[in-house]
Amino acid sequence: MELSLFGDLNQRNVVNSGGYPIPANFFDAFSEMARQIWLLHHLTFSFDLEALIFEVKKGCRFSKVYMESVTEDAFLSMENPQVSFTVVPRFPIANFKSAFTLEDLFLTQGICEKTRNSNVPMSKAENITDIFEISGYLKMLQRLEAVKTRGVSYSNITFPPSKHFTSSSNVINFKQLHAKLIRNGDMENILTVGKLVADVAISNPANLSYARLIFSNLKYPPNIFMWNSMIRGYAHSSTPKEALILFLEMREKGYSPNNYTFPFLLKACNQLMDLNLGLGIHGIVIKYGFEDCDVFIQTSLVNFYASCGSVQIARLLFDRCLQRDVTSWNALIKGYVRSGRYMDAIRVFRAMQDRVDIEVDEITLLGVVLACSQLGALEMGRWVHAYIEKSRMEMSMNLGTALIDLYARCGSIDLAVNLFKKIREKDVRTWSVMIGGLAVHGLAKEALGFLSDMQRDGIDPDSVTFTHVLRACSHAGMVAEGLRFFDIMSEVYNVEPTIEHYGCMVDLLGRAGCLDEALGLIKRIPYKPDVVLWGSLLVACRTHKNVVMGEMVAKEMLKLDPNHCGAHVFLSNIYASVGQWCEVDEVRNSMKELGIKKSPGSSLIELDGDVHEFVAGDQSHHQTNKINMMLDEIARLLSLEGHVPTVKGIPYDIDEEEKEQALSQHSEKLAVAFGLINTKQGTPLRIVKNLRVCEDCHSAMKLISKVFNRLIVIRDCSRFHHFSGGLCSCKDYW
DNA sequence: GTAGGGTTAG
């Protein structure tokens with residue numbers, strides 16, 4: 001696309017490409033708000049030559065400079081040369097070339113030397129805003145107004161209360177204080193008032209409007225401290241967008257942000273999960289030269305990108321940081337965890353330990369524990385536990401809770417219970433994690449026992465606790481108990497059922513075969529049923545082979561999400577299980593047309609501190625030959641035990657032998673074979689699987705546990721199965 | 001005078 005030279009502000013593309021192509025859809029990637037911020041800060045600025053050189057000398061780096069196309073001769077013959085150009089700061093977007101300075105540009109155009117020789121005095125410019133002259137300023141104001149009144153559609157997001165609002169100070173107290181200041185004439189003292197605004201703004205989101213009232217009715221202009229305080233208040237409130245609007249107002253009034261402003265702004269972008277907005281803020285950070293010198297801002301950026309799912313950018317920035325402290329490392333570790341890159345999180349942790357200047361702290365370990373629990377890496381988790389004890393670090397309630405969760409998620413419920421008993425201080429989360437752990441292990445009676453203990457300790461169950469309690473009932477087939485808890489949670493404990501609780505109930509009824517009741521419940525709930533909720537019923541339809549209802553449910557799901565892979569696969573599986581191969585073909589063809597691929601089954605197994613991943617049919621592991629031999633051996637021994645592969649769920653109209661072949665390559669079987677080869681006789685095998693265990697693998701695992709005399713623990717996406725001596729802890733109810 | 005990283009379900 002041909003871009004105009006100095007475009008009208010109303011046009012989307014205001015820049016000339018100066019030799020480097022700007023992607024035509026560049027501005028499409030921006031949300032409206034980001035665009036406002038971006039435009040406000042990156043428009044065509046008129047610099048005089050002094051200012052230009054000033055910027056260059058300050059080391060300001062730009063990724064692009066777009067100059068008015070005057071010829072060199074014309075430029076040099078001007079009496080008072082004015083260069084109009086647009087700057088785009090260094091910016092981590094793939095299409096952008098790496099940074100270069102104005103000096104580079106001038107050198108390439110052969111005028112740098114000449115301007116240097118002209119001895120232009122470096123005088124007037126005090127700061128960047130002094131020398132910027134934003135053209136089209138009034139138009140910008142109009143556009144800002146439009147954004148403010150139109151609003152951006154964040155209203156449906158709810159935000160948890162922030163940890164920053166620890167004080168529950170009643171607004172009345174602040175009003176009294178305010179009145180006192182007025183009476184004593186202290187409102188003239190900008191420092192005192194600043195403190196008041198800051199305190200009120202951060203005390204409680206509910207007090208923000210009062211803080212704003214003080215802030216807006218001052219007899220003198222607020223200082224940057226007050227602006228920051230207000231922005232901080234909004235950044236941590238349920239309306240973080242206000243922080244950015246306030247920032248725009250601040251800029252309109254001619255204030256420059258300082259180093260304190262940016263962490264608050266990035267916090268707001270983080271809350272809004274708006275990548276484009278943060279990109280805009282990042283641009284401003286660079287413009288003000290903070291990117292390379294402020295560790296707080298750098299960490300805020302790392303954290304922001306990581307939270308918004310751009311962990312690669314976070315890593316890029318992290319690697320480029322001049323200063324890194326424990327918080328920066330923690331932000332990166334958490335970023336990897338949030339993005340599901342657990343092994344990377346652990347790699348970063350290991351690299352961190354090699355650093356003599358960085359000391360691991362509780363938050364680091366929390367991140368690592370989280371990664372381990374997702375990976376099912378029990379040994380690594382135990383190592384963290386030992387590390388805490390060895391380093392005499394205090395086992396805080398948070399860390400204890402995370403570790404209990406880890407043990408439970410890694411299949412070691414005994415270790416979880418032991419640790420739970422040792423921890424003195426417990427809150428509702430500690431209890432909930434314990435109850436949840438017992439629930440997924442199918443230990444419903446024990447879970448309910450802990451629920452009573454918890455109440456005896458004076459702690460009331462919350463919404464999450466009840467999710468676990470209902471799930472415990474569901475896994476154990478305790479329908480009556482589940483229904484009872486569902487009733488009393490709102491009646492007695494004032495916990496209103498959420499869609500998750502309804503999901504548990506659908507699951508509970510569905511598993512128990514009460515499909516009509518489950519469907520009835522879905523029709524009665526006060527929420528719009530979502531894909532997850534229908535999904536629970538769909539699983540039940542498959543288990544109980546109700547083709548008619550299953551078909552209806554899958555179609556409902558596809559109405560909500562036409563690309564829902566699970567619904568397609570279940571539909572195909574349902575047809576396959578009753579031999580309706582034409583319908584199977586139809587579903588598979590429509591999947592092909594829509595470009596949907598079934599996510600492959602994947603199993604993880606930890607060996608000597610390393611996690612090995614196996615994908616169904618995977619032949620890429622370096623021990624593949626040995627694994628295949630072991631699989632043959634398993635098949636031989638199992639057939640001696642009378643095992644006949646259950647091929648019903650296989651969604652292909654292929655011959656029986658091929659079906660058996662497909663089954664034998666399920667990821668958990670590969671992982672078990674690998675485990676059997678590489679561990680000593682009697683060592684338990686712990687496997688984490690991303691999907692549900694299929695019927696054939698389930699019965700095979702029972703027999704493998706018997707024939708090889710091993711405890712096999714498999715965590716699938718819904719619960720644990722402990723296979724031992726030919727039986728499974730789920731009692732075949734899953 | 002102000003700042004960055006934090007635990008439970010789905």
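Before any of the text, the structure's been laid out above.
Not measured: the values here are computed from a predicted model. For every chain, the first residue of the written sequence is number 1, and numbering continues from 1 along that sequence. Numbering of ligands from 1 and lettering of chains from A proceed in the order in which they are written. Reporting of local features is limited, given that this is a predicted model, to residues whose pLDDT is at least 70; pairs of side-chain atoms are given and counted only at 80 or more, and all residues count toward the totals for whole chains, interfaces and linings. Each side-chain value is worked out from all heavy atoms of the structure, with water and hydrogens disregarded.

Peer 1: What should I look at first to understand the packing of aromatic side chains in this one?
Peer 2: Here the distance between the centres and the angle between the planes together describe a pair of aromatic rings. In this analysis, rings of Phe, Tyr and Trp, with Trp reduced to its six-membered ring, are considered paired at centre separations within 6.5 Å, and the interplanar angle assigns stacked below 30 degrees, edge-to-face beyond 60, and tilted for intermediate values. Under the criterion given, the structure shown has 14 aromatic pairs. A ring pair is formed by Phe 215 and Trp 227, whose centres lie 4.9 Å apart and whose planes are at 85 degrees; its orientation type is edge-to-face. Taken as a pair, Phe 215 in helix α10 (residues 208-216) and Trp 227 in helix α11 (residues 224-235) lie far apart in primary sequence, twelve residues in all. The burial state of Phe 215 is the same as that of Trp 227; both residues are buried. Relative to Trp 431, the ring of Phe 420 has its centre 4.9 Å away and its plane inclined at 75 degrees; by these criteria the two rings are edge-to-face. Taken together, the residues Phe 420 in helix α22 (residues 413-422) and Trp 431 in helix α23 (residues 428-440) connect sequence positions eleven residues apart. For the residue pair Phe 420 and Trp 431, the accessibility class agrees, reading buried in each case. The rings of Phe 215, Trp 227 and Tyr 255 are connected pair by pair, giving a single aromatic cluster. Strands here mean DSSP runs of E at least two residues long; helices mean DSSP runs of H or I at least four residues long; both are numbered from the N terminus. Exposure classes here rest on a 1.4 Å probe applied to the protein chains alone. A residue is buried below 20% of its type maximum, exposed above 50%, and partly exposed in between.

Peer 1: Where do I start with helix α15 (residues 295-307) in this structure?
Peer 2: Count 3.6 residues to each turn of an α-helix, and residues three or four apart come out pointing the same way. A rise of 1.5 Å per residue sets the reference length of α15, with its 13 residues, at 18 Å; its end C-alpha atoms lie 18 Å apart and thus fit the reference within 8%. By the criterion of burial, α15 is predominantly enclosed, with eleven of the 13 residues buried. Three or more residues of α15 are buried, namely Val 295, Ile 297, Gln 298, Thr 299, Ser 300, Leu 301, Val 302, Phe 304, Tyr 305, Ala 306 and Ser 307. Contact criterion: two residues are considered in contact whenever any of their non-hydrogen atoms come within 4.5 Å of each other. Looking at the packing, one finds that the buried side of α15 touches α13 (261-272), α14 (275-287), α16 (311-320) and α17 (326-338). The span one expects for a helix is its residue count, reduced by one, times 1.5 Å.

Peer 1: How should I be thinking about the nonpolar core in this particular structure?
Peer 2: Side chains that are nonpolar tend, in soluble globular proteins, to be buried together. We call a set of buried Ala, Val, Leu, Ile, Met, Phe, Trp, Tyr and Cys residues a nonpolar core when their side-chain atoms join them within 4.5 Å. Grouped together as the largest cluster of nonpolar side chains are 159 residues, with contacts concentrated most on Met 230, Phe 262, Ile 281, Met 434, Phe 485 and Leu 537. The residues touching Phe 262, leaving out its near neighbours within four places in the chain, are Pro 257, Ile 281, Ile 284, Val 285, Tyr 288, Phe 290 and Ile 297.

Peer 1: Explain the packing of α11 against α13 to me, please; I cannot follow it from the model alone.
Peer 2: Any two packed helices are characterised by how steeply their axes cross, that is the angle between the axes, and by the distance between the axes. To get an axis, fit a line to the C-alpha atoms, keeping to the stretch in contact for a helix; angles then go from 0 to 180 degrees between the N-to-C directions. Where α11 contacts α13, the two axes come as close as 9 Å, and the packing angle between them is 20 degrees. Classified by the angle their axes make, α11 and α13 are roughly parallel. When you trace α11 past α13, the crossing you get is left-handed. Where α11 approaches α13, its residues Ile 224, Asn 228, Ile 231, Arg 232 and Ala 235 are matched on the opposing element by Thr 261, Phe 264, Leu 265, Lys 267, Ala 268 and Gln 271. Oblique is the label for any angle not under 35 degrees, not over 145, and not in the 65 to 115 range, which are roughly parallel, roughly antiparallel and roughly perpendicular in turn. Two helices crossing with the near one rotated counterclockwise from the far one by less than a right angle form a left-handed crossing, whereas a clockwise rotation gives a right-handed crossing.

Peer 1: Is there a simple way to think about the side chain of Ser 373 in this case?
Peer 2: Checked against the element boundaries, Ser 373 lands in helix α19 (residues 362-375). Note on Ser 373: relative accessible area 1%, which makes it buried. Within the structure, Ser 373 has its side chain in polar contact with the backbone oxygen of Leu 370 (distance 2.9 Å). Ignoring anything within four residues of it in the chain, the contact list for Ser 373 reads Leu 406, Arg 409, Cys 410 and Arg 715. Polar contacts, as used here, are pairs of N or O atoms within 3.5 Å; protein pairs need one atom able to donate a hydrogen and one able to accept it. Residues neighboring in sequence count only if both atoms are side-chain atoms.

Peer 1: Could you clarify how one ought to interpret unusual backbone geometry in this entry?
Peer 2: As a rule of thumb, non-glycine residues mostly have phi less than zero, and peptide bonds are mostly trans rather than cis. Of note, Met 273 is a non-glycine position whose phi angle comes to about 55 degrees, a positive value. Here Met 273 is to be found in the loop between α13 and α14. The phi torsion at Asn 494 lies on the positive side, around 60 degrees, for a residue other than glycine. Note on placement: Asn 494 falls in the loop between α26 (479-491) and α27 (499-511).

Peer 1: Explanation requested: the protein's contact with DNA strand B in the structure shown.
Peer 2: Close to DNA strand B lie 44 residues; Asn 330, Asp 361, Arg 409, Arg 429 and Arg 471 are nearest. Between DNA strand B and the protein, one listed contact pairs a base nitrogen with a side-chain N or O atom of Ser 328 at 3.5 Å. For DNA strand B, a phosphate oxygen lies 2.5 Å from a polar atom in the side chain of Lys 334. By residue number, the principal contributor to the surface near DNA strand B is α17, which donates six residues. Throughout this document, a residue counts as near a molecule or strand when at least one of its heavy atoms sits within 4 Å of that molecule or strand.

Peer 1: I'm lost on α19 in this one. Help?
Peer 2: In this model, α19 (14 residues) spans 20 Å end to end at C-alpha, consistent with the 20 Å of a helix rising 1.5 Å per residue. N-capping of α19 is provided by Asp 361, with a side-chain oxygen placed 3.1 Å from the backbone N of Ile 363. Looking one or two residues beyond α19, the residue adopting positive phi is Gly 376, at roughly 70 degrees.

Peer 1: Explain the pairing of strand β5 (residues 602-607) here, please?
Peer 2: The two faces of the sheet receive side chains in turn, since in a regular strand these alternate between them. Counting buried positions along β5 yields six of six residues, so the element is predominantly enclosed. Strand pairing is assigned whenever DSSP identifies at least 2 bridges connecting the two strands. Pairing of β5 with strand β6 (residues 610-615), which is carried by six bridges, proceeds in the antiparallel orientation. Its bridge partner being in β6, Leu 604 is matched across the sheet by Glu 613. The antiparallel pairing of β5 with β6 creates a hairpin that spans two residues between the two strands, and Asp 608 there sits at a positive phi of about 50 degrees.

Peer 1: What am I meant to see in the pattern of salt bridges here?
Peer 2: A side chain of one charge can pair with a side chain of the opposite charge if their charged atoms are brought near each other. Take a side-chain nitrogen of Lys or Arg and a carboxyl oxygen of Asp or Glu: if they are within 4 Å of each other, that pair is a salt bridge. Taken as a whole and judged by the stated rule, the model has 17 salt bridges. Close ionic contact of Lys 195 with Asp 199 constitutes a salt bridge, the shortest N to O distance being 3.1 Å. In this pair, Lys 195 and Asp 199 are both assigned in helix α9 (residues 190-203), four residues apart and thus about one turn of the helix distant. For Asp 199, a relative accessible area of 30% corresponds to the partly exposed category. Bridged by salt links that share partners, the residues Arg 341, Asp 344 and Arg 347 form one connected network.

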